[in-house]
Amino acid sequence: MEGLLLLWWTSILLVMAALAWISALVVGRLFREQRDARRGRDRDRACDAFLDVMNGSGDALGRLRGVDHRARLMGEALLELLAMVRGGERERLLEALQSIKMDQRFQRRLFRGGIAGRMVAAETLSHFPGPETVEALKAALVQTRHGNLRVALMRSLIELDAAPPLAEVLQEIHRSRGSESLLYLPLMRRLVNGDTRAALHAFGDPGTPPKARVILAEALGASGDFRAMRPLCIGATAPDVELRIASVRGLAAMGHPAAEPRILAALEDPVWMVRSAACEAAGRIGLKSAVPLLIIQLSDPVWWVRFRAGEALSALGSTGLKGLRAAATGQGDLPRRAASLALAERGLARTAA
């Protein structure tokens, strides 16, 4: 009997706990919906005031009272508007916001609150040039260790012509985790475009950290500076697999036919990721001499390599299409499927049959 009572009270307690949990979820959702609705109204209010300022309304800034202390909300609204506005209206708005010291509030927001709000403040400050802004961004960069925030701070410094030294960013990439290092690729592209000579020197320096050289390889390729051709060709034969992949991708981005010998060699690399990158590079550069090797890659044991080979052959004009048609009607299940898929994507499957 006591066992049944214990089971009964345990069941009642579980039901009460479940009801309390569900009630808490419902109440929490109601609060979130109200908060989001209030935030949406406040953001619309800020946007309306910004538009009125740009149109020359003298009392528009007064309507920001009550929301102007919310730096993240103001920053998000401002960034959204500035992405669509150029010219005198843009300058009028920024000058008006500086007159109420909004830039100083963004500077203070760099050092407190959540990461998302601090990132918004960092991005917004790129529109408020001046020594105080640069000093605040650099001070925040010294203090924080968060990867996304550090990238946002560096990006704003680049926008303000106060870019951190390339060597410092390379060491930053070296210290970051593998997934975080990819955040630096857009940043590195801008640094490389600003000083390609220093980037080439760092890429050729054996002391440069391996992860940094990988990011540099893709950034150098995207720069389109043909001085990077020889270093990238050397990188395409490096012992480090990631560096080989990045160098081949860099050569593909550069699109120069002088990379032909390295791309052809990479098509026979023992690592499938290098072969895949080489297939893509052959198609982007337009290397018709790679057609025989690409046809061979239609039989590669890795599906992604077969897919990239089919894409590359499709991009190489009549010569590549001829090879695809032959493979689609030839022997071997793997090349026939890969070739048929590539032709079907171009609407040529019926021709192949």
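Refer to the structure presented above.
Everything quoted here is computed from the prediction, not taken from an experiment.

Student: Explain unusual backbone geometry to me, please; I cannot follow it from the model alone.
Tutor: With glycine set apart, most residues show a phi of negative sign, and most peptide bonds adopt trans. You will see that Lys 101, though not glycine, has its phi angle at about 60°, which is positive. Among the residues examined, Lys 101 registers a relative accessible area of 48% and is labelled partly exposed. Even without being glycine, Asp 161 reaches a positive phi, approximately 60°. Locating Asp 161 in the fold gives a position in the loop between α7 (147–159) and α8 (166–175). Among the residues examined, Asp 161 registers a relative accessible area of 74% and is labelled exposed.

Student: When you look at the pattern of salt bridges in this model, what are you seeing that I'm missing?
Tutor: Two side chains carrying opposite charge are able to pair once their charged atoms lie near each other. All told, the structure shown has nine salt bridges when counted by the stated rule. Note that Glu 159 and Arg 190 form a salt bridge whose closest N and O atoms lie 2.6 Å from each other. Here the residue Glu 159 occupies a position in helix α7, and Arg 190 occupies one in helix α10 (residues 184–194), the gap between them amounting to 31 residues. For Glu 159, a relative accessible area of 42% puts it in the partly exposed group. Glu 311 is the partner of Arg 308 in a salt bridge, and the nearest nitrogen-oxygen pair spans 2.7 Å.

Student: Which parts of the structure should I look at to understand the packing of aromatic side chains?
Tutor: Pairs of aromatic rings are described using the distance from one ring centre to the other and the angle between the two planes. On inspection of all chains with the given rule, the structure shows four aromatic pairs. Both rings, one in Phe 106 and one in Phe 128, keep their centres 6.0 Å apart while their planes meet at 40°; by these two values the pair is tilted. Residue Phe 106 is found in helix α4 (residues 102–109), and its partner Phe 128 is found in the loop between α5 (115–125) and α6 (131–143); the two are separated by 22 residues along the sequence. Across the pair, exposure class does not vary: Phe 106 and Phe 128 are buried alike. Judged by centre distance (5.5 Å) and plane angle (40°), the ring pair of Trp 303 and Trp 304 falls under tilted. When its relative accessible area of 33% is taken as the criterion, Trp 304 is described as partly exposed. Each member of the aromatic cluster is reached from another via a ring pair, and the members are Trp 303, Trp 304 and Phe 307. In this structure, Arg 213 packs its charged tip against the face of Phe 203, placed 5.0 Å from the ring centre.

Student: What is the right way to read the packing of helix α12 (residues 210–223) against helix α14 (residues 241–254) from this model?
Tutor: When two helices pack together, their arrangement is given by the angle between their axes and by how far apart the axes lie. Interhelical geometry of α12 versus α14 gives an angle of 10° and a closest axis separation of 7 Å. Accordingly, the angle class assigned to the pair α12 and α14 is roughly parallel. The segment α12 lies against α14, with Arg 213, Val 214, Ala 217, Glu 218, Leu 220, Gly 221 and Ala 222 engaging Glu 242, Leu 243, Ala 246, Ser 247, Arg 249, Gly 250, Ala 253 and Met 254. Class assignment of the residues belonging to the contact of α12 with α14 gives a composition of eight nonpolar, three polar and four charged.

So, how was this worked out
The residue numbering used here restarts from 1 in each chain and proceeds along that chain's sequence as written. The model is predicted, so local features are restricted to residues of pLDDT at least 70 and side-chain atom pairs to those at 80 or more, both for listing and for counting; the totals for chains, interfaces and linings are taken over all residues. Here the side-chain values reflect all heavy atoms present in the structure, with hydrogen atoms and water set aside. Three labels apply to residues, based on accessible area from a 1.4 Å probe with only protein chains included: buried if under 20% of the type maximum, exposed if over 50%, partly exposed otherwise in between. Elements are defined by DSSP. Helices are runs of H or I of four residues or more, strands are runs of E of two residues or more, and each kind is numbered from the N terminus. Any carboxyl oxygen of Asp or Glu that lies within 4 Å of a side-chain nitrogen of Lys or Arg is treated as forming a salt bridge with it. Between rings of Phe, Tyr and Trp, where Trp is taken as its six-membered ring, a pair exists when centres lie within 6.5 Å; planes separated by under 30 degrees are stacked, by over 60 edge-to-face, and by other angles tilted. For a ring to carry a charge above it, either NZ of a lysine or CZ of an arginine must fall within 6 Å of the ring centroid while also lying within 35 degrees of the normal to the ring plane. Here an axis means a line fitted to C-alpha atoms, over the contact stretch when the element is a helix, while the angle between two N-to-C directions is reported on a 0 to 180 degree scale. Note on angle classes: values under 35 degrees are labelled roughly parallel, values over 145 roughly antiparallel, values of 65 to 115 roughly perpendicular, and the remainder oblique. What makes two residues a contact is simply this: any of their non-hydrogen atoms within 4.5 Å. Each residue receives one of three labels: charged for Asp, Glu, Lys and Arg, nonpolar for Ala, Val, Leu, Ile, Met, Phe, Trp, Tyr, Cys and Pro, and polar for the others, Gly being one of them.

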